[in-house]
Amino acid sequence: MSVWAETTLGTWGRVHRSRLRAARPLESNAVPDLVRAENDLGVVIHGGGRCYGDASLDTGGRAILTRSLNRIVDFDRAAGEVVCEAGVTFEELSSAIFSHGWCYPVSSATAAVTLGGAFANDIHSKNHHLLGAFGDHTKWVDLVLAGGEVVRASPAENTDLYFASLGGMGLTGAVLRVCIRLMPIPSNSVDARYVPYPDLDAMLDAINGGREIEEFLFGWIDVFARGSALGRGILESGRLAAADGGCVPPPKPRSIPFAPPAGPFLAPAMRQVARRRYEKLPSRGVGVRKDLFSFLFPLDHIKGFNKLYGRSGFYSIHAGFPPAAERAGIRAMVEEIAAAQAGSTTAVVKPMRGPGRGLMSFPIEGMVLAADLPRRRDTPRLHDRLEALVLDHGGRLYVAKDALMSPDGFARMFPNLSAFRAALERFDPNGRFQSDLARRLKIRG
Ligand SMILES: Cc1cc2nc3c(=O)[nH]c(=O)nc-3n(C[C@H](O)[C@H](O)[C@H](O)COP(=O)(O)OP(=O)(O)OC[C@H]3O[C@@H](n4cnc5c(N)ncnc54)[C@H](O)[C@@H]3O)c2cc1C
């Protein structure tokens, strides 16, 4: 589809679907004309479609689909640098570099995310406490601006554009190419360890204890448990193995063919799954060697995992708290989600090292709680309460995983919003780059 065609696009949460006109360029040099075309309509850049909410949709507008721009343009094996088109996914990049002893330092938890999408949300991984966010390893990007001009931006060149675009939700321009610095890896294997902790305090203590020593670190939380078991879960840590060999076989690929009706049975079923997951692990924990790809992308072997939450789709909440409020903030959120029995089997806590480099980057120093919330009639009200808790504790929400945040909350959480608005005014004064998210959060003011 290199010309515009009417289509329907959705995103990971399966709540939002948009009718719009879409074009799928096959060559990077087609993008400037597509951005310029059809003067009266805005345009959104749609990568892997793995944002949860409305960030990569522009209802009634246009979308440039980048997945066919998936060439690895240059791979310097000696220096450990790679230049990719924006539609290259972590899966495609893994195939090209892992066997040569290199890995990207930061990825998301699914390999279907594109590098353009990773830059536009300055994504963070389960090693943020040591390696920071995606932008900490990006050398430069080439962007198509609203007028169609192609500009290289980096921390040393066109810096205003660069720092507005990193985490800028695709609103400053379309990323065409990304150059990232890779990290050497001794093997394609990870020695992972899984240890259960009986409550939230024990889990958060263990995370803080592991910050300096574990390469990968995060905790899965059973958000259905209440009372003295509130916040119990399994701490997952990992270190790159010195050599390959001895890995457990990767899980068999599976596929969820259709979404079941959500109904009243969903929460009890997930509560059982969470309880069994916690209880079946021996209290001393287990160690296992995994191949790097399965370790980084644990759910990708289940195609259509997002259908498991039922036909109504799901929301998510992904909150970061500063160190002084991380314990109280996370506890208050887990209490709220557990009291409503409104969570799912996917809820995690992760440590964070410090602020991202982009004006609108999500990461801060402290800790993150992320939880999927199957869509129910009361989910928006629950989200409102959670958003208020996050604000009370000086935290912020991650737009890539959100679809219900209020414009007022957003403005209070991101102190650089006025500088970002000034950058948008400068680089895209007519508001060419649009999205449903930008309108919902009144990002342009
Ligand atoms: C299962 C799962 C696990 C995840 N885990 C993590 C995680 O661990 N850490 C984390 O930080 N995030 C995580 N995410 C969120 C995900 O990394 C982000 O939403 C990411 O931005 C999605 O990228 P995408 O290629 O799918 O882009 P899309 O979803 O298509 O778009 C996302 C945003 O990026 C913009 N964009 C995309 N491509 C470009 C481009 N070429 N130029 C300019 N703007 C562009 C879009 O306009 C939109 O604003 C996860 C998502 C899923 C579904």
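Residues numbered from 1 in each chain as written. Predicted model: local features only at pLDDT ≥ 70, side-chain atom pairs only at ≥ 80, totals over all residues.

A.B. asks: Explanation requested: the overall build of the chain in the structure shown.
C.D. replies: The secondary structure content of the chain amounts to 13 helices and 21 strands. In terms of C-alpha radius of gyration, the chain reaches 21 Å, essentially the compact-globule figure of 22 Å for 445 residues. Taken over the C-alpha atoms alone, the chain extends approximately 60 × 50 × 45 Å along its principal axes. In the chain, which comprises 445 residues, the share counted as buried stands at 51%. A sequence separation of at least 24 residues applies to 74% of the contacts in the chain between residues at least 6 apart. (Helix = DSSP H or I, 4+ residues; strand = E, 2+ residues; numbered from the N terminus. Rg over C-alpha atoms; globule rule 2.2 N^0.38 Å. Buried ≥ 20, exposed ≤ 12 C-beta atoms within 10 Å, placed from the backbone. Contact = placed C-beta atoms within 7 Å.)

A.B. asks: Looking at this structure, how should I read the packing of helix 9 (residues 323–340) against helix 10 (residues 379–392)?
C.D. replies: For any two helices packed against each other, the geometry is given by the interaxial angle and the distance between the axes. Put simply, helix 9 and helix 10 touch, their axes get as near as 9 Å, and they point 170 degrees apart. Taken together, the axes of helix 9 and helix 10 lie roughly antiparallel to each other. Helix 9 and helix 10 meet at a crossing whose hand is right-handed. Contacts between helix 9 and helix 10 involve Gly329, Ala332, Met333, Glu336 and Ala340 on the former and, on the latter, Leu382, Arg385, Leu386, Leu389 and Val390. Of the residues contributing to the contact of helix 9 with helix 10, the split by class is 7 nonpolar, 1 polar and 2 charged. (Axes fitted to C-alpha atoms, helices over the stretch in contact; angles between N-to-C directions. Parallel < 35°, antiparallel > 145°, perpendicular 65-115°, else oblique. Left-handed = near helix turned anticlockwise from the far one by under 90°. Nonpolar A, V, L, I, M, F, W, Y, C, P; charged D, E, K, R; others polar.)

A.B. asks: Help me understand the site of the ligand in this model?
C.D. replies: Surrounding the ligand, one finds 32 residues, the nearest of these being Gly47, Gly48, Gly116, Gly117 and Gly170. Contributions of two or more residues to the shell around the ligand are made by strand 3 (43–46), helix 3 (115–120) and strand 10 (174–181). In terms of residue class, the shell around the ligand is made up of 14 nonpolar, 16 polar and 2 charged. (Near = placed C-beta within 6 Å.)

A.B. asks: Please clarify how the sheet that holds strand 14 (residues 233–240) should be interpreted in this entry.
C.D. replies: Pairing within the open sheet is antiparallel, and its 8 strands lie in the order 16-12-14-13-19-20-18-21. Of all the strands in the sheet, the pair left with one neighbour each is strand 16 (286–291) and strand 21 (396–397). In terms of strand pairing, strand 12 (residues 189–197) meets strand 16 through 6 bridges, oriented antiparallel. Among the inter-strand pairings, Ser189 is bridged to a residue of strand 16, identified as Asp291. (Pairing = 2+ DSSP bridges.)

A.B. asks: Would you explain the pairing of strand 4 (residues 62–65) in this entry?
C.D. replies: Every second residue of strand 4 is oriented toward a common face, with Arg62 and Ile64 on one face and Ala63 and Leu65 on the other, all of them buried. Of the pairings in the sheet, the one linking strand 2 (residues 17–23) to strand 4 comprises 3 bridges and is parallel in character. Residue pairing in the sheet places Ala23 in a bridge with Ile64 of strand 4. As paired elements, strand 3 and strand 4 share 4 bridges and run parallel to each other. Of the residues in strand 4, the one forming a bridge with His46 is Leu65.

A.B. asks: Explain helix 6 (residues 200–210) to me, please; I cannot follow it from the model alone.
C.D. replies: Each α-helix winds once per 3.6 residues, and so residues spaced three or four apart point in a common direction. Every buried residue of helix 6 is listed here: Leu200, Met203, Leu204, Ile207 and Gly210. In an axial view of helix 6, the angular spread of the buried residues amounts to 130 degrees, which keeps them on one side of the axis. The elements touched by buried residues of helix 6 are strand 12, strand 13 (216–221), strand 14, helix 9 and strand 19 (347–352). (Arc of directions from axis to C-beta.)

A.B. asks: Would you mind showing me how to read the sheet that holds strand 1 (residues 5–10) here?
C.D. replies: Two modes of strand pairing occur in sheets, parallel and antiparallel, and in both the strands are linked by backbone hydrogen bonds. The sheet built from 4 strands is open, its strands ordered 1-2-4-3 with mixed pairing. Looking at which strands have only one partner, the edges of the open sheet turn out to be strand 1 and strand 3. Averaged over all neighbouring strand pairs, the angle between strand axes comes to 45 degrees, with direction disregarded.

A.B. asks: Got a minute to help me understand the environment of Phe410 in this structure?
C.D. replies: On the secondary structure map, Phe410 appears in helix 11 (residues 407–413). Considering only alpha carbons, one finds Phe410 and Tyr398, 12 residues apart in sequence, at a separation of 9.5 Å. For Phe410, the contacting residues outside a window of four places in its chain are Met405 and Leu441.

A.B. asks: What is the right way to read helix 7 (residues 266–279) from this model?
C.D. replies: Taking 1.5 Å of rise per residue, the 14 residues of helix 7 would be expected to cover 20 Å, and the 20 Å separating its terminal C-alpha atoms lies within 8% of that figure. Within helix 7, the full set of buried residues consists of Met270, Ala274 and Tyr278. Each buried residue of helix 7 sits inside an arc of 75 degrees when the element is viewed along its axis, so together they form one side. Along helix 7, the residues that are exposed and aim more than 90 degrees away from the buried face are Pro268, Gln272, Arg276 and Glu279. (Expected span 1.5 Å × (residues − 1).)

A.B. asks: Is there a simple way to explain the environment of Arg71 in this structure?
C.D. replies: Relative to the helices and strands, Arg71 is located in the loop between strand 4 and strand 5 (72–76). Separated by 27 residues in the primary sequence, Arg71 and Val44 have C-alpha atoms spaced 21 Å apart.

A.B. asks: Help me understand the pairing of strand 9 (residues 150–153), please; the structure alone is not making it clear to me.
C.D. replies: For a regular strand, the rule is simple: side chains alternate between the two faces of the sheet. Direction of pairing for strand 8 (residues 138–144) relative to strand 9: antiparallel, over a ladder of 4 bridges. Looking at the pairing, Asp142 lines up with Arg152 of strand 9. With antiparallel pairing between neighbouring strands as the criterion, strand 8 and strand 9 make up a hairpin whose turn holds 5 residues, including Gly148 at a positive phi of roughly 100 degrees.

A.B. asks: Mind showing me how you'd approach unusual backbone geometry here?
C.D. replies: Glycine aside, negative phi is the norm for most residues, and most peptide bonds take the trans geometry. Within the chain, Asp122 stands out as a residue other than glycine whose phi angle is a positive 40 degrees. You can see Asp122 is positioned in the loop between helix 3 and helix 4 (128–131). Residue classification places Asp122 among the buried positions, given that 27 C-beta atoms sit within 10 Å. The residue Lys442 is not glycine, and still its phi comes out positive at about 50 degrees. Checked against the element boundaries, Lys442 lands in the segment after helix 13 (436–440).

A.B. asks: When you look at the environment of Leu9 in this model, what are you seeing that I'm missing?
C.D. replies: Mapped onto the fold, Leu9 is located in strand 1. The class of Leu9 is partly exposed, set by 19 C-beta atoms lying within 10 Å. C-alpha of Leu9 to C-alpha of Thr59: the two residues are 50 residues apart in sequence and 9.2 Å apart in space.

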